[in-house]
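Structural overview for review
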Amino acid sequence: MENQKLRKDIGFFTALTVVMGTVIGSGVFFKPEAVYSATGTAGLGLLAWILGGVITICGGLTAAELSAAIPQTGGMMIYLQKTYGKLTAYLLGWAQTVIYFPANIAALSIIFATQVANLFQASDAIIVPVAIAAAAFIMLMNFIGAKVAGSLQALTTICKLIPLILIILFGLFYQGDVAFRLFPISVEEHSFLTSLGSGLVATMFAYDGWIHVGNIAGEMKNPKKDLPKAIVFGLTGVMLVYLLINIAYLFVMPAASLAATATPASDVANVIFGSVGGKLITIGILISVFGTINGYTMTGIRIPYAMALDNQLPFSNWFQKLGKKSSIPYNGGNIILIISVIMIFTGGFNQLTDMLIFVIWIFYTLTFIAVFVLRKREPELKRPYKVPLYPVIPIIAICGGVFIVLNTLYTQPLNAGIGLALTVIGLPIYFYKKTKGHF
């Protein structure tokens, strides 16, 4: 596929919608709990959302240079292999297979089940079985075929905008007895830097997905002009949406109340629209989460298949098998589902998302550094787009990435340790395969 010429028919507006549609997911509905639990105040919580947006924009602008220069199937794995070699690329693929995608599916399935329990006022005992059922059902839909999964994704993408728009519009004009205050920005029982760092890590799950925005560079009519504009305007738009909906939340409920509920968006909707209207908004959020699980399932099950094609996994021939009618790599899907179910039993939403963000940001930061390495090593490489304000923007992205990784190591050593352990488990497999001459 890499040898075929990509059609350059994507313009600025299409690129803009791809950016915003890829990033806006379920985190904005559920991460306020973790953000305000960490920060303790509205002002510090909103600052975390702003900093998360700035780091995301800088990261998107930086990674897009690699996407435009190396527009090949595989994205980040290709950039890392070209820069650091096969081992780093392999570890990324391994981490995506055993941590990133399963943890995303598990975390989102847990939050889906939590919403179901909230909607029907059921016992928390149903959360685990409903979460497993949701993950299994969506995997089954994907096994039927890419057309079914794609149609499901298109429908849920439209539906996820409805609760966002309604909560923002009605929340900002809500007349209640909650006093919205930006100051004091922090309180004594919350250390400023540690609280901001933990809040920032929580927001990064909501911003995650930006790494894929540069993958369309090779199909853009004018990537040098339109790609940076799409990233800046798109991710700035995402940040503004996140700020607006959080301000709307804070107009309706104080930061302490948002920190105390696992379903902040639904609770706010109940206050604004009453029980019936709140339930309708909750259904819209459920559809949005359902679609996000589907999106991670669609992309996740193809990672072990791609690695198996290069004989990088044990039983690679088994992972290469496709469904006779659907042409879907179902064995990779089954493994990811099994890992997801284990994670549903062993972890909660915030624990899983913090773990996956820690692991994936190690590779994101390596991607930012790759821009410097390749500029020095391969100055002749054709770059249709170059990151603006070089080296300032990449340095901001790198500093943000290092801060996120180190802060998680300091504040959540158990989550970070589990993530690192699962990642390095892949090393013996890599070296065994290498000694056998498989790659």
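Residues numbered from 1 in each chain as written. Predicted model: local features only at pLDDT ≥ 70, side-chain atom pairs only at ≥ 80, totals over all residues. Heavy atoms only, no water.

If you look the chain up in an unreviewed UniProt entry, it shows as Amino acid permease-associated protein from Listeria riparia FSL S10-1204. Of the chain, the UniProt comment under Subcellular location (unreviewed entry) reads exactly: "Membrane". (UniProt positions renumbered as here; feature names shortened; annotations may be inferred.)

What follows deals with the pattern of salt bridges. Pairing between side chains of opposite charge can happen when their charged atoms approach one another. Following the criterion strictly, the structure yields 4 salt bridges and no others. The shortest N-O distance in the salt bridge between Asp354 and Lys31 comes to 4.0 Å. Of the two residues, Asp354 sits in helix H16 (residues 349–377) while Lys31 sits in the loop between helix H2 (27–30) and helix H3 (32–39), which places them 323 residues apart along the sequence. Among the ionic pairs, Arg383 bridges to Glu65, the shortest N-O distance being 3.3 Å. In this pair, Arg383 is assigned in the loop between H16 and helix H17 (392–411) and Glu65 in helix H4 (residues 42–69), connecting sequence segments 318 residues apart. On the accessibility criterion, Arg383 (13% relative accessible area) is buried. Assessed through its relative accessible area of 1%, Glu65 is described here as buried. In this structure, a network of salt bridges that share partners links the residues Glu65, Arg375 and Arg383. (Salt bridge = Lys/Arg side-chain N within 4 Å of Asp/Glu carboxyl O. Helix = DSSP H or I, 4+ residues; strand = E, 2+ residues; numbered from the N terminus. Buried < 20%, exposed > 50% of the residue type's maximum accessible area, 1.4 Å probe, protein only.)

On to the packing of aromatic side chains, then. Within this structure, the stated rule accounts for 23 aromatic pairs. The interplanar angle of 85 degrees and the centroid separation of 5.7 Å between the aromatic rings of Phe205 and Phe349 together place this pair among those described as edge-to-face. With Phe205 in helix H9 (residues 192–207) and Phe349 in helix H16, this pair connects stretches of sequence that are 144 residues apart. Per residue, the accessibility class of Phe205 equals that of Phe349, and both read buried. Where Trp361 meets Tyr364, the ring centres are 5.2 Å apart and the plane angle is 80 degrees; that geometry is what we call edge-to-face. Taken together, the residues Trp361 and Tyr364, both in helix H16 and 3 residues apart, mark about one turn of the helix. Tyr364 sits in the buried class, given a relative accessible area of 1%. (Phe/Tyr/Trp six-rings, centres within 6.5 Å; stacked < 30°, edge-to-face > 60°.)

When helix H13 (residues 302–309) is considered as a whole, its buried residues turn out to be Ile303, Pro304, Met307 and Ala308. Projected down its long axis, H13 carries its buried residues within an arc of 135 degrees, all on one side. Looking at the buried residues of H13, the elements they touch are helix H5 (76–84), helix H6 (86–119), helix H12 (264–300), helix H14 (316–319) and helix H15 (330–346). Phi turns positive one or two residues past the end of H13, at Asn311, with a value near 60 degrees. (Arc of directions from axis to C-beta. Contact = heavy atoms within 4.5 Å.)

Our focus in this paragraph is the nonpolar core. Membership of the largest hydrophobic core comes to 138 residues, with the highest contact counts inside it found for Phe29, Trp210, Tyr242, Trp361 and Tyr364. Examining the composition of this core, we find that 21 residues originate from one element, H6, more than from any other. Trp210 has contacts with Val23, Thr56, Gly59, Gly60, Ala63, Leu235, Trp361, Tyr364 and Phe368, leaving out every residue within four places of it along the chain. (Core = buried A, V, L, I, M, F, W, Y, C linked by side-chain atoms within 4.5 Å.)

Bringing unusual backbone geometry into the picture now. Most peptide bonds are trans, and most residues other than glycine sit at a negative phi. Following Tyr390, the chain continues to Pro391 via a peptide bond in cis, the omega torsion being 5 degrees. Examined against the element boundaries, Pro391 turns out to sit in the loop between H16 and H17. A positive phi angle is found at Phe315, which is not glycine, with a value near 55 degrees. Tracing the sequence through the fold places Phe315 in the loop between H13 and H14.

On to H17, then. Along its 20 residues, H17 runs 28 Å from first to last C-alpha, staying within 8% of the 28 Å computed at 1.5 Å per residue. Buried residues of H17: Ile393, Pro394, Ala397, Ile398, Gly400, Gly401, Ile404, Val405, Asn407 and Thr408, and no others. Of the surrounding elements, those touching the buried residues of H17 are H4, H9, H16 and helix H18 (413–424). (Expected span 1.5 Å × (residues − 1).)

In this fold, Thr62 is placed in helix H4. Among residues more than four places away in sequence, those in contact with Thr62 are Phe368, Val371, Val387, Ile393, Pro394 and Ala397.

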